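# A structural walkthrough
What follows is each chain in one-letter form.
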Amino acid sequence: MTTQLAVIGAGPGGYTAAFYAADQGMEVTLIDPAKNPGGVCLYRGCIPSKALLHVAEVISEANHAKDWGISFSKPIIDLDKLRSWKNEVVEKLTGGVGQLSKQRKINYIQGSARFIDANTLEVEDVSKKKSRQSFGQVIIATGSSPAKVPGLSIDSPLVMDSTSALELNDIPESLLVIGGGYIGLEMGTVYATLGSKVTVIEMTDGLLPGVDRDLVNELARRLGNMFHEILLNTTVVELKEEKKGIKVAFKGEAGKKEQAFDKVLISVGRKPNTKNFGLENTKVLINEKGFIQVDGQRRTKEPAIFAIGDVVGEPMLAHKASHEAFVAVDAIAGKKTVFEPAAIPAVVFTDPEIAWCGLTETEAKRKNLDVEITKFPWRASGRAITLGRTDGLTKQIIERQTGRILGVGIAGPRAGELIAEGVLAVEMAALASDVHLSIHPHPTLSETIMEAAELFDGQSTHFMRARRK
Amino acid sequence: MIRDVIIPDIGENIEKGDVIEIRVSEGDIVEVDQPLIEFETDKAVVDIPSPSKGRVVKILVSKGETIKVGQVIVQIDTDAADILQTKKKEESKPSKRESASEAKTQPIPIRAEQPKKVEKIVAVEKPPVVKAEPALPDIGIEPVLAIFAAAASPTVRRLARELGVDINQVSGSGPGGRISEDDVKAHVKKLVLQKGGEPAAITTTRVPALPDLSKWGEIKREKLSRVRQLISESVSNSWSIVPHVTQFDKADITELEDFRNNFNRKNQKSGIKLTVTAVLMKVLAQGLKEFPRFNASIDPASESIIYRNYIHIGIAVDTERGLLVPVVRDIDKKSIVDLARDLNDVAQRTRDKSVRPDELEGGTFTISNQGGIGGVDFTPIVLWPQVAILGVSRSSMQPVFINGQFEPRLILPLSLSYDHRANDGADAARFLRWIVEALEQPLMLYVDK
């Protein structure tokens, strides 16, 4: 008897699960409100934001080029064309994924689903037609939505979340970004490069809370120049819509202050989508943080229901969702797979980018672990110098006794592309010697990884550190 | 959380049993594996252990009740406040907990030594609707970053999981303690050898797949009973490990038979029947002392023979569920009458399924008597790790040439199968001859040789 699987939500978690399940021979129904699979990531998250960030990078580089003897005049920004290109990117990707879904003969339903009981879904398609269907197994991949700040709910087109910010309706003269996490900083970067005066407010005492400070510092310097103001240890107390903007009252180190902005972006995190699809009719449990409770195989308390992606917990990243998808489908197929990666990379696509995986220095200190941290500054990297971008750092967190690489952190242009080597090193339980004995090509930024590893066993060729050993 | 404890699936065809004894009371705190009830099945009486630590909230069965496999017997509160403290400590180590739960649901180790006896039921949780892995740790919120856990690549971790091995228990031979595929395989081999003494001498010849027997006519498939499966494993084991030779001989038991019938007639009231088997046991008590190499075991790993300074004889009993071999202990310390009594008792209890699992193990020698059925000469299979087994067939009147003429004598056929590694043909011939002479001239037993 073929496994009948329903996947609710077609984001990176949902569609990966659906595709993998179909490839395993299961009969899959994939339900999502959009015309094609893609979810938040493809439609209004990862993909459009990276497209815009690329544009921001080009503008920045063009500006930088005057230092090298190439002067461009101030760019003319055709917002409509930019928006339409961004939409094209989204179309291409979502259309492509839609094709893949058809190729695999997946029953894609544009609509929504609700649990009647653990094995029965009431599906309502886009034409409002309802039907009840039974499934042997269901995977919940409903993702997450932008979180709201309690007490600051104001319904105004001038107050945006990440979704509306990506619609790029206009470039406000002044933009307040509430929340100094990766979404706020990425969107802030886009708008600042396109011409807005951006102010960032962060509740804690540093941007990107939780990330190693030395990596953030490489970014903070540049952002300090790019943004109009960065206010740490500051919270927003009130938002009031006025005639031509939003008046914001905030409380910070310097006491209370009020300022008006043309637009506000609220980017204080994301909340899992667990409501309004009938989970109460099943044994599925939500934990105290609002995520669906699952075991190592991503199975919920209801044996026939699995859940993956943002809806089950941190880190809320697309690649975590897609790998959880493999595990859940394997579990349904009866395999003994468990989601237990040694490292999940994270990337902040600001300029410079920040990327890390595995154990961070912050975690290592907190847990009082016996590790050695090696740091290779990019001012010692040949490639970085040719790019005119020595604002970078590659670091490794290494188990002192064995030389095993437990974590890697990189700040600098292309960090997101470089971090994969770090993930592989951590997963393979590579030793520092394994990495620096592997020949890295010259001149590339990847050599910074090799040299950071060299520093564990002595000195690196291009950087001498004070020997502590 | 209130957890239902059920009678686990013990084996094929076991659907129900009786509650012999309830070992806990409502309100007791129980530990993992602590026996909750004694449960009598087809084969033997077993303890049903607790799958978790907690307080017994409700006992749902009563002594003497017949209950089914899968039925809830006890409810345990695993969150009872006074046990939460220790539970928190246990749960903060996810890798340990995983290996503990893996150990929980490992199958009952099958000892090739004896046919099936249910030694100890391993606790299982109430099976969920969908077949799930044994109690996986509740990871959920923050992903478990396996830092400081096993230094093994994803492929090796996956292999370990597929083989049912806790990667954190494997020692890595690579630099920095890295675990390779070979390390995982070596660990599995070690576990297999530890588990039930499955010897390395298991045949490695490839077993061909069964042809489609329905090709030639109608077939009917029936699942083997647990006892059958265990016998199958035991004899396959013995067959492949022990180089068998069977030595045949015949004993003239005319006089012994007279004595036996006389004795039984005189002792009818005592209810004790002297059987040929009981007499044989007494004979063997002395015989195995004179020929200790037939009361031993061969250990190829240490290249030695292990002499056993005790004589426990297993008696093959034909029951409706198959062959079982209960053991009568310390034969040499008992009189023939004691032996007859013990023998009758254990045979009876084996047939009515009240024999204890420990009574089915520990034998040093075995007797298999087909006399009750008939036939002449057979080649019994040695019950490894023993080195010999005496088969006895039905005695019959035979013409024997004595003093110039044929006389009718009662002849008992004996078949001694033995492990040629421990004894040679001459040894076996001598041993069997000794037994024959002891049966024919019993007073020789008391004469110092």
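Structure shown above.
Residues numbered from 1 in each chain as written. Chains lettered and ligands numbered in written order. Predicted model: local features only at pLDDT ≥ 70, side-chain atom pairs only at ≥ 80, totals over all residues.

### A word on the overall build of chain A
What chain A contains, in helices and strands, is 13 helices and 22 strands. When the 469 residues of chain A are sorted by exposure, 50% land in the buried category. (Helix = DSSP H or I, 4+ residues; strand = E, 2+ residues; numbered from the N terminus. Buried ≥ 20, exposed ≤ 12 C-beta atoms within 10 Å, placed from the backbone.)

### Let's talk about the packing of helix α7 (residues 276-290) of chain B against helix α8 (residues 336-351) of chain B
To characterise two packed helices, one gives the angle between the axes of the helices and the distance between these axes. Residue and element names in this part refer to chain B. Packing of α7 against α8 brings their axes to within 9 Å, and their N-to-C directions diverge by 125°. The angle between α7 and α8 falls in the class oblique. Read as a crossing pair, α7 and α8 show a hand that is right-handed. In this structure, α7 contributes Thr 277, Ala 278, Val 279, Met 281 and Lys 282 to the contact, and α8 contributes Ile 336, Leu 339, Ala 340 and Leu 343. Split into classes, the residues belonging to the contact of α7 with α8 amount to 7 nonpolar, 1 polar and 1 charged. (Axes fitted to C-alpha atoms, helices over the stretch in contact; angles between N-to-C directions. Parallel < 35°, antiparallel > 145°, perpendicular 65-115°, else oblique. Left-handed = near helix turned anticlockwise from the far one by under 90°. Contact = placed C-beta atoms within 7 Å. Nonpolar A, V, L, I, M, F, W, Y, C, P; charged D, E, K, R; others polar.)

### What about the nonpolar core?
Looking at soluble globular proteins, one finds that nonpolar side chains tend to be buried together. Residue and element names in this part refer to chain A. With 146 residues, the main nonpolar core has Ala 17, Ala 18, Ile 139 and Val 264 as its most contacted residues. Of all the elements, helix α8 (residues 318-332) adds the most residues to this core, at 8 residues. Leaving out residues up to four positions away in the same chain, Ala 17 has contacts with Val 7, Ile 139, Ala 141, Ile 308, Ala 325, Ala 328 and Val 329. (Core = buried A, V, L, I, M, F, W, Y, C linked by C-beta atoms within 7 Å.)

### Brief notes about the sheet that holds strand β4 (residues 120-125) of chain A
Residue and element names in this part refer to chain A. Spatial ordering of the open sheet is given by β5-β4-β3-β2-β1-β6-β17, a layout of 7 strands whose pairing is mixed. Of all strands in the sheet, those with a lone pairing partner are β5 (130-134) and β17 (305-307), marking the two edges. In this sheet, neighbouring strand axes are inclined to one another by 35° on average, regardless of whether the strands run parallel or antiparallel. Relative to strand β6 (residues 137-140), strand β1 (residues 4-8) runs parallel, the two sharing 4 bridges. (Pairing = 2+ DSSP bridges.)

### Describing the environment of A:Thr300
Residues and elements named next belong to chain A. Within the element layout of this structure, Thr 300 appears in the loop between β16 (270-272) and β17. Between the C-alpha atoms of Thr 300 and Ile 139, which are 161 residues apart in sequence, the distance is 9.6 Å. The contacts of Thr 300, once residues within four sequence positions are left out, are Val 284, Leu 285, Ile 292, Gln 293, Val 294, Ile 305, Phe 306 and Ala 307.

### Thoughts on the pairing of strand β16 (residues 365-369) of chain B
All names here are of chain B. Among the 5 residues in β16, 5 count as buried, and that is most of the element. Of the two faces of β16, the one carrying Phe 365, Ile 367 and Asn 369 and the one carrying Thr 366 and Ser 368 are both buried. When strand β12 (residues 313-315) meets β16, the two strands line up parallel, connected through 3 bridges. In the sheet register, Gly 314 faces β16, and the bridge partner there is Thr 366.

### A few points about helix α9 (residues 425-440) of chain B
With 16 residues, α9(B) should cover 22 Å at 1.5 Å per step; its first-to-last C-alpha distance of 22 Å lies within 8% of that length. Buried residues along α9(B) sit against β9 (244-252), α6 (254-266), α7 and β19 (405-419) of chain B. (Expected span 1.5 Å × (residues − 1).)

### Description of the pairing of β4(A)
Residues and elements named next belong to chain A. Examined bridge by bridge, strand β3 (residues 107-117) and β4 share 6 bridges and lie antiparallel to one another. Paired with Asp 117 across the two strands is Thr 120, which belongs to β4. The loop that links β3 with its antiparallel partner β4 comprises 2 residues. As defined by bridge partners, β4 adjoins β5 across 5 bridges and the pair is classed as antiparallel. Its bridge partner lying in β5, Leu 121 is registered against Gln 133. Linkage of β4 to β5, two consecutive antiparallel strands, is achieved through a turn of 4 residues, within which Lys 128 is found at a positive phi near 70°.

### Focus on unusual backbone geometry
Cis rather than trans, the peptide bond between A:Glu314 and A:Pro315 has omega equal to -5°. A cis geometry characterises the amide bond from A:His442 onward to A:Pro443, with omega recorded as -5°. Inspection of the secondary structure puts A:Pro443 in the loop between α12 (432-437) and α13 (447-457). Notably, A:Ala429 is not glycine yet its phi reads approximately 55°, a positive angle. Within the fold, A:Ala429 resides in the loop between α11 (415-427) and α12. Even without being glycine, B:Asn403 reaches a positive phi, approximately 50°. Mapped onto the elements of the fold, B:Asn403 is located in the loop between β18 (396-402) and β19. The exposure class assigned to B:Asn403 is exposed, which follows from the 5 C-beta atoms found within 10 Å.

### Side note on the environment of A:Gly206
Position of A:Gly206 among the secondary structure elements: in the loop between β10 (197-201) and α7 (213-226). Sequence spacing of A:Gly206 and A:Leu232 is 26 residues, and the spatial spacing of their C-alpha atoms is 6.2 Å.

### Here we look at the environment of A:Gly416
Looking at the element boundaries, A:Gly416 is found in helix α11. On a C-alpha basis, the gap between A:Gly416 and A:Val347 in space is 5.5 Å, while along the polypeptide they are 69 residues apart.

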